[in-house]
Amino acid sequence: MPSASEALEPAAKVASAVAFNKALSYAAGQRNVLGGTGLLYPFKSSVFRRFIGVSKAAEDAALPAALVYATADAVLSAGRSAYQGRCQ
């Protein structure tokens, strides 16, 4: 079973992919000015841009989140060892 720090990156990638797929689904399902379905210029849509922004933010947060978690885990582990006298 992977540790929490190992699971953060895949979880962030999944969240990014879900947001990206929502953006594509939104763009494909909206009526366009020609009367058809599918946005002709999806980046002109604030909803589409918001989904893309969430996708990028989730992808960009993966490494810093894993780093913060691993650092906190290491500090707590070292502190626990020092408190219990197992630190040399």
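Residues numbered from 1 in each chain as written. Predicted model: local features only at pLDDT ≥ 70, side-chain atom pairs only at ≥ 80, totals over all residues. Heavy atoms only, no water.

**Some details on the overall build of the protein chain**
The condition that has to hold: Each helix corresponds to a stretch of at least 4 residues labelled H or I by DSSP, and each strand to a stretch of at least 2 residues labelled E; elements are numbered beginning at the N terminus. A 1.4 Å probe rolled over the protein chains alone gives each residue an accessible area, and that area as a share of the maximum for its type sets the label: buried under 20%, exposed over 50%, partly exposed in between. By definition in these notes, contact holds between two residues if any of their heavy atoms fall within 4.5 Å. Accessible surface area values rest on a Shrake-Rupley calculation with a 1.4 Å probe, where residue burial reflects the displayed protein chains alone. Only four residue types enter the tally: Lys and Arg on the positive side, Asp and Glu on the negative side, with His and both chain ends excluded. For charged residues, the charge sits on one atom: NZ in Lys, CZ in Arg, CG in Asp, CD in Glu.
Along the protein chain, the regular secondary structure elements total 2 helices and 0 strands. Judged by the C-alpha coordinates and their principal axes, the protein chain covers about 75 × 25 × 10 Å. A burial count over the protein chain gives 17% of its 88 residues as buried. When contacts within the protein chain are restricted to residue pairs at least 6 apart in sequence, those whose partners lie at least 24 apart make up 47%. Of the roughly 6,600 Å² that the protein chain leaves accessible, carbon and sulfur atoms contribute 65%. If you average the places of the 9 positive and of the 5 negative side-chain charges in the protein chain, the two averages end up 14 Å apart.

**Focus: the environment of Ala-65**
Along the polypeptide, Ala-65 turns up in helix α2 (residues 46-83). Under the relative-accessibility criterion, Ala-65 is labelled partly exposed at 35%. A C-alpha to C-alpha distance of 8.4 Å links Ala-65 and Glu-9, two positions 56 residues apart in sequence.

**Quick notes on a nonpolar patch on the surface**
Inclusion rule: Without a salt bridge and with relative accessible area above 30%, a residue can belong to a patch; like charges are then joined within 9 Å and nonpolar side chains (Val, Leu, Ile, Met, Phe, Trp, Tyr) within 5 Å. By convention in these notes, a salt bridge is any Lys or Arg side-chain nitrogen within 4 Å of a carboxyl oxygen on Asp or Glu.
On the surface, a nonpolar cluster with roughly 510 Å² of combined accessible area is contributed by Val-33, Leu-34, Leu-40 and Tyr-41. Mapped onto the elements of the fold, Val-33 is located in the loop between α1 (4-29) and α2.

**A word on the side chain of Ser-55**
Mapping Ser-55 onto the fold places it in helix α2. With a relative accessible area of 8%, Ser-55 lands in the buried category. Sequence-distant contacts of Ser-55, defined by excluding residues within four places in its chain, comprise Ser-16, Ala-19 and Phe-20.

**What to know about the packing of aromatic side chains**
Any two aromatic rings considered together are summarised by their centre-to-centre distance and by the angle between their planes. Put simply, the rule reads: The criterion for an aromatic pair is that two Phe, Tyr or Trp rings (for Trp, the six-membered ring) have centres within 6.5 Å, with stacked assigned to planes under 30 degrees apart, edge-to-face to planes over 60 apart and tilted to the rest. Working rule: Lys NZ or Arg CZ, within 6 Å of ring centre, within 35 degrees of ring normal, means a charge sits over the ring.
On inspection of all chains with the given rule, the structure shows 1 aromatic pair. One cation-aromatic arrangement involves Lys-44 over Tyr-41; the distance from NZ or CZ to the ring centre is 5.0 Å.

**Notes on the side chain of Asn-32**
Stated precisely, the cut-off is as follows: Any pair of nitrogen or oxygen atoms within 3.5 Å is treated as a polar contact; in protein, a donor-acceptor pairing is required on top of that, and neighbouring residues in sequence qualify only through side-chain atoms on both sides.
Of note, Asn-32 is situated in the loop between α1 and α2. Given a relative accessible area of 14%, Asn-32 falls into the buried group. There is a polar contact of 2.9 Å between the side chain of Asn-32 and the backbone nitrogen of Leu-34. A distance of 2.9 Å separates a polar side-chain atom of Asn-32 from the backbone oxygen of Gly-38. If near-sequence neighbours (up to four positions away) are discounted, Asn-32 is found in contact with Thr-37, Gly-38, Leu-39 and Leu-40.

Any functional reading would require information beyond the geometric quantities listed.
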